[in-house]
Each structure stands twice: as structure tokens, then as C-alpha cells.
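Chain by chain, the residues run as shown.
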Amino acid sequence: MKAILLPAGFAVAVTGLALSSTPAPAKGCLKGAVIGGAAGHFAGHHGLLGAGAGCIIGHHEANKRARERERESQEGYGSGAPPYDRGYGYGPR
């Protein structure tokens with residue numbers, strides 16, 4: 001009896017959570033879930049746990065790379081902004 005109720009309760013909880021949550025962008029989540037799931041499967045048959053952790057880590061890494069790209073595009077590397085004059089007397093006047 002317990003073997004039937006536990007998966008059924010889990011399925012109801014997951015369905016309720018999926019319907020109540022807002023959709024989020026999955027940048028990095030799918031790739032991380034695939035890699036984490038495979039690693040979890042081979043490291044002790046914990047594929048679902050590995051997929052969940054991989055999704056979280058992949059999403060975090062994708063956001064970190066996006067912030068770095070945003071910062072680089074604002075700061076330099078051909079932005080067309082004139083160089084900052086620090087008042088040392090060098091450069092064109």
C-alpha cells in the first residue's frame with residue numbers, strides 16, 4: 001500500500017507545484033540537468049537528484065556568463081567612448 005501511495009502523492013505534489021509556479025527562462029538548466037543526471041546516475045543511481053542539482057548549477061553559470069558579457073559590453077573593447085582623462089598631462093589636448 002505504501003509503495004502505491006508515495007509515488008501518487010509525489011505526482012500530485014509535483015503537478016500542483018508546476019501549475020502554481022510561474023514560467024522561468026531555462027538558460028543553462030537543460031544542459032546542466034542532462035549532465036547532472038548522467039553524472040548522478042553513474043555515481044550511485046541518483047539521476048533525478050543529479051538532474052535537479054545540474055539544473056540549478058547550470059542556470060547559475062548561465063546567469064554569471066550573461067552578467068560578464070553585459071559588463072564587457074558596457075566597459076570597453078571598442079565601445080567608441082573616448083578614453084578617460086585622469087589629469088596626468090598625457091594624451092591629446
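Everything discussed here concerns the structure shown above.
Basis of the calculations
Residues numbered from 1 in each chain as written. Predicted model: local features only at pLDDT ≥ 70, side-chain atom pairs only at ≥ 80, totals over all residues. Heavy atoms only, no water. Helix = DSSP H or I, 4+ residues; strand = E, 2+ residues; numbered from the N terminus. Buried < 20%, exposed > 50% of the residue type's maximum accessible area, 1.4 Å probe, protein only. Areas by Shrake-Rupley, 256 points an atom, 1.4 Å probe, with all protein chains shown as cover. 1 Å grid on protein atoms, 1.4 Å probe; cavity = no way out; pocket = protein on both sides within 12 Å on 5 of 7 lines; lining within 4 Å. Points joined across faces, edges and corners; volume = space filled by probe spheres on them. Nonpolar A, V, L, I, M, F, W, Y, C, P; charged D, E, K, R; others polar. Expected span 1.5 Å × (residues − 1). Arc of directions from axis to C-beta. Salt bridge = Lys/Arg side-chain N within 4 Å of Asp/Glu carboxyl O. Patch = residues over 30% accessible without salt bridge, like charges linked within 9 Å, V, L, I, M, F, W, Y side chains within 5 Å. Lys, Arg positive; Asp, Glu negative; His and termini not counted. Charge placed at Lys NZ, Arg CZ, Asp CG, Glu CD.

1. A word on the overall build of the chain
And step 1. Helices and strands together make up the secondary structure of the chain, namely three helices and zero strands.
And step 2. In the chain, the succession of α and β elements from N to C terminus is α-α-α.
And step 3. Burial status across the chain gives 13% buried among its 93 residues.
And step 4. With an accessible surface of roughly 8300 Å², the chain has 66% of that area assigned to carbon and sulfur atoms.

2. Here we look at the layout of surface pockets
And step 1. Roughly 170 Å³ of volume is contained in the largest pocket.
And step 2. For the lining of the largest pocket, the secondary-structure elements that each account for two or more residues are helix H2 (29-42) and helix H3 (47-75).
And step 3. Ranked by the residues each element gives to the lining of the largest pocket, the list is headed by H3, at six residues.
And step 4. Across the lining of the largest pocket, the residue classes break down as three nonpolar, four polar and three charged.

3. What to know about H2
And step 1. Compared with an ideal rise of 1.5 Å per residue, which puts 14 residues at 20 Å, H2 spans 20 Å between its outermost C-alpha atoms and is within 8% of the ideal.
And step 2. For H2, every residue scored as buried is listed here: Cys-29, Gly-32, Gly-36, Gly-37 and Gly-40. With its buried residues spanning 130° around the axis, H2 presents them on a single face. Every exposed residue of H2 that faces more than 90 degrees away from the buried side is listed here: Leu-30, Lys-31, Val-34, Ile-35 and Phe-42.
And step 3. A positive backbone phi angle near 130° is found at Gly-44, which sits one or two residues after H2.

4. So, the pattern of salt bridges
And step 1. Taken as a whole, this structure holds one salt bridge when the rule is applied.
And step 2. Note that Glu-61 and Lys-64 form a salt bridge whose closest N and O atoms lie 3.5 Å from each other. Of this pair, Glu-61 and Lys-64 both sit in helix H3, three residues apart, roughly one helical turn.
And step 3. Residue Glu-61 is classed as partly exposed on the basis of its relative accessible area of 25%.

5. With respect to a positive patch on the surface
And step 1. A contiguous patch of positive charge on the surface is contributed by Lys-27, Lys-31, Arg-65 and Arg-69.
And step 2. Within the secondary structure, Arg-65 sits in helix H3.

6. Quick notes on the environment of Leu-48
And step 1. By the secondary structure assignment, Leu-48 is in helix H3.
And step 2. Overall, Leu-48 belongs to the exposed group, its relative accessible area being 76%.
And step 3. When the C-alpha atoms of Leu-48 and Ala-33 are compared, they prove to be 8.7 Å apart, with 15 residues separating the residues in sequence.

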